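Overview (structure and organization)
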Amino acid sequence: MSSNRLTFDVVVIGAGPAGYTTAISLAQQGKKVVCIDENNCGGECLNHGCIPSKAFLNAAKAYYSLDEMKAFGVNVSKKDFDMKALQDWKGRRVVKKLTSGINFLFKTKNVEYLKGKAFFIDKNTIRVMSAENGMIDIQTSYAVIAVGSKFKTVSDLEPDGKTIFSPKEILEIDFIPETVTILGGGYIGFELGFFYLYLGKKVTVIESMKTILGELDEDLRILVQDSFKKLGGEIHTSSTFKEFKNSQVTFAVGGEDKQIDSQIILVSVGKEWDFKPLRIHKLDNLRLNENGSIAVKETLETSITGVYAVGDCNGGPLLAHKAIMEGTVAAESIATIGNKPSRKRLIPYTVFSEPEIAYVGMTEKQAISKGINYHLGIFPNSALGINNIIGNKIGFTKIIVKESDSTIIGAKVAGKNASILIGELTLAIQKKLKADELGKIIHVHPSQAEAIQESALSALKQSIHY
Ligand SMILES: Cc1cc2nc3c(=O)[nH]c(=O)nc-3n(C[C@H](O)[C@H](O)[C@H](O)COP(=O)(O)OP(=O)(O)OC[C@H]3O[C@@H](n4cnc5c(N)ncnc54)[C@H](O)[C@@H]3O)c2cc1C
């Protein structure tokens, strides 16, 4: 790029999962598109979110599993866990490989990529301040905002990368603290909490709400809670953080102050939005939601014609797979004028905890509150052959079936690979399958997938192995 005035069909601001998917999908549909990011491609997900956190969890779980392997004859003596080696591997072999993969995809799929900070001059003009190319003004027919969200902070707890961390900074840590306090009992806090528990460290979660992990069904919550405690973790709900000083955390619970030793504190209290750097005041009447995210229609168009918002920046659920889906919907909406694709899809949820949990469709709580009569198909992990081999005896597969016509309306899985198993159940619900249709599908033996068939049979009171 040499000129400081460029013209594109579409400008996408942000190269996270939402932005890079929109850009690639638009290019595939013949649009001239530029994707701009002030940081490395891949956004939060690849650089300091989904991917690095799972790299951490995978390594710590492998370390933890060495003890379990003794039961079937693998005797490996546990040495120290090398945090610097993990950081090196995560940085070079995982994050760098995947983020440069996005750059490669941009090249091969004809997406122009520009590194720089972007902001609006008006809805058809976006200015980019680029270290390499200086100031560039881009004329465009469409703009797609894909700038993500940011972590909420707590006063007096500004992340310093030494003793105070956000979920972003903690994924760059190069030492292993003995004691960790996590403010916030959401899924990110818990995943990072399990990382330290697998390494044998003391972890305490302080949550202001009555329960952890938001709106989960109770059976899933109890499993996570119990295993967290079994691994030595502590959970304090209905608790208010007061102070972190001299390696001590003070919090109030039931009108009483409590103190715990804590080498570091992780602040994971949710996300918020700040669109001032984007200068959205230049876009007259860009409507925001009550929580500060950008309001969108089902097509992902904002209140301004030709301006779209995808991924975290338009509100929850703040998940990469929701962001990716929205990228394709926005691209289709822009590329095929007149077509009105919708983002209304089932979104599966996973918590990479111990055990891993996943759910999709209607929860039991939602079914009850909507007055829907349902029954459950239940299959416990311990009843399945493969689970006794791979050490996956805690947990279950449950499907929620509408009483009136046996349609599967919800599903939940707890145990190893729940994130994979929920895929088939998402398909079943999306396609409005009935329990007997799912129950007739042959699944490989021995495999964890058998639990899906068995839970469908259980809903019909025809389970074979339970
Ligand atoms: C620890 C952790 C674990 C997670 N685990 C999971 C998980 O397991 N599964 C899951 O689905 N989700 C997970 N998430 C959430 C996931 O990372 C986000 O939902 C996802 O990255 C959102 O994608 P996005 O493209 O909307 O935004 P982002 O990924 O945040 O990308 C936004 C991009 O916009 C760029 N940008 C912002 N402003 C400008 C500007 N003015 N000019 C140029 N560029 C700009 C930013 O640099 C960034 O690259 C996790 C998050 C964290 C923190």
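All figures in this text were calculated on a predicted structure; none of them were measured in a lab. Sequence order as written defines the numbering, with residues in each chain counted from 1. The predicted origin of the model limits local features to residues at a pLDDT of at least 70 and limits the giving and counting of side-chain atom pairs to 80 or more, whereas totals for whole chains, interfaces and linings rest on all residues.

We now examine the sheet that holds strand 13 (residues 248-253). Reading across from one edge, 12-13-14 is the order of the 3 strands in this open sheet, with antiparallel pairing throughout. Two strands in the sheet have a free side with no partner beyond their single neighbour: strand 12 (239-245) and strand 14 (256-261). Strand-to-strand twist across the sheet, computed as the mean angle between neighbouring axes with direction ignored, equals 25°. Relative to strand 13, strand 12 runs antiparallel, the two sharing 6 bridges. Within strand 13, the residue paired with T240 across the bridge is A252. Here, any two strands with at least 2 DSSP bridges between them count as paired. Think of it this way: any DSSP run of H or I at least four residues long counts as a helix, any run of E at least two long counts as a strand, and we number them from the N terminus. In this analysis, axes come from line fits to C-alpha atoms, helices being fitted only over the stretch in contact, and the angle between any two N-to-C directions falls in the range 0 to 180 degrees.

So, on to the packing of helix 3 (residues 50-69) against helix 4 (residues 83-108). It is the contact of helix 3 with helix 4, at a shortest axis distance of 10 Å, that shows an interaxial angle of 140°. Between helix 3 and helix 4, the angle is such that the two are oblique. Taken as a pair, helix 3 and helix 4 cross one another with a handedness that is right-handed. Each of I51, P52, A55, F56 and A59 in helix 3 lies in contact with helix 4, whose residues at this interface are L86, K90, V94, V95 and L98. For the contact of helix 3 with helix 4, the residue count by class is 9 nonpolar, no polar and 1 charged. What sets the label is the angle itself: under 35 degrees gives roughly parallel, over 145 gives roughly antiparallel, 65 to 115 gives roughly perpendicular, and the rest give oblique. Working rule for handedness: look at the near helix, and if it is turned counterclockwise from the far one by less than a right angle, call the crossing left-handed; if clockwise, right-handed. Any pair of residues counts as being in contact when their C-beta atoms, constructed from backbone geometry, are within 7 Å of one another. For this classification, the nonpolar set comprises Ala, Val, Leu, Ile, Met, Phe, Trp, Tyr, Cys and Pro, the charged set comprises Asp, Glu, Lys and Arg, and every other residue, Gly included, is treated as polar.

This part is about helix 13 (residues 450-459). Given 3.6 residues per turn, any residue in an α-helix points the same way as the ones three and four places further on. For helix 13, the tally of buried residues reaches 10 of 10 residues, placing the bulk of the element in the interior. Those residues of helix 13 that are buried lie in contact with strand 20 (374-380), strand 21 (396-402), helix 11 (418-430) and helix 12 (435-439). Backbone geometry just downstream of helix 13 places K461 in the positive-phi region, at approximately 60°. With C-beta atoms placed from the backbone, the exposure class of a residue follows from how many other C-beta atoms lie within 10 Å of its own: 20 or more, buried; 12 or fewer, exposed; in between, partly exposed.

What follows covers the site of the ligand. Nearness is defined per residue: the C-beta atom, placed using the backbone, must lie within 6 Å of the molecule or strand. Residues in contact with the ligand amount to 35 residues; listed here are only the nearest, G14, G16, G43, G148 and G311. Those elements that place two or more of their residues in the shell around the ligand are helix 1 (17-28), strand 2 (33-37), helix 2 (43-48), helix 3, strand 4 (117-122) and helix 8 (320-335). For the shell around the ligand, a count of residues per class yields 20 nonpolar, 10 polar and 5 charged.

Before going further, it helps to examine the sheet that holds strand 15 (residues 264-267). Read across the open sheet, the 5 strands follow the order 8-15-9-10-11; overall the sheet is parallel. Either end of the sheet is taken by a strand with one partner, and the two such strands are strand 8 (164-165) and strand 11 (234-236). Pairing of strand 9 (residues 179-183) with strand 15 involves 4 bridges; the strand directions are parallel. Its bridge partner being in strand 15, L183 is matched across the sheet by V267. The strands touched by helix 6 (residues 187-198) are strand 9, strand 10 (202-206) and strand 15; relative to strand 10, the strand with the most contacts, the crossing angle is about 165°.

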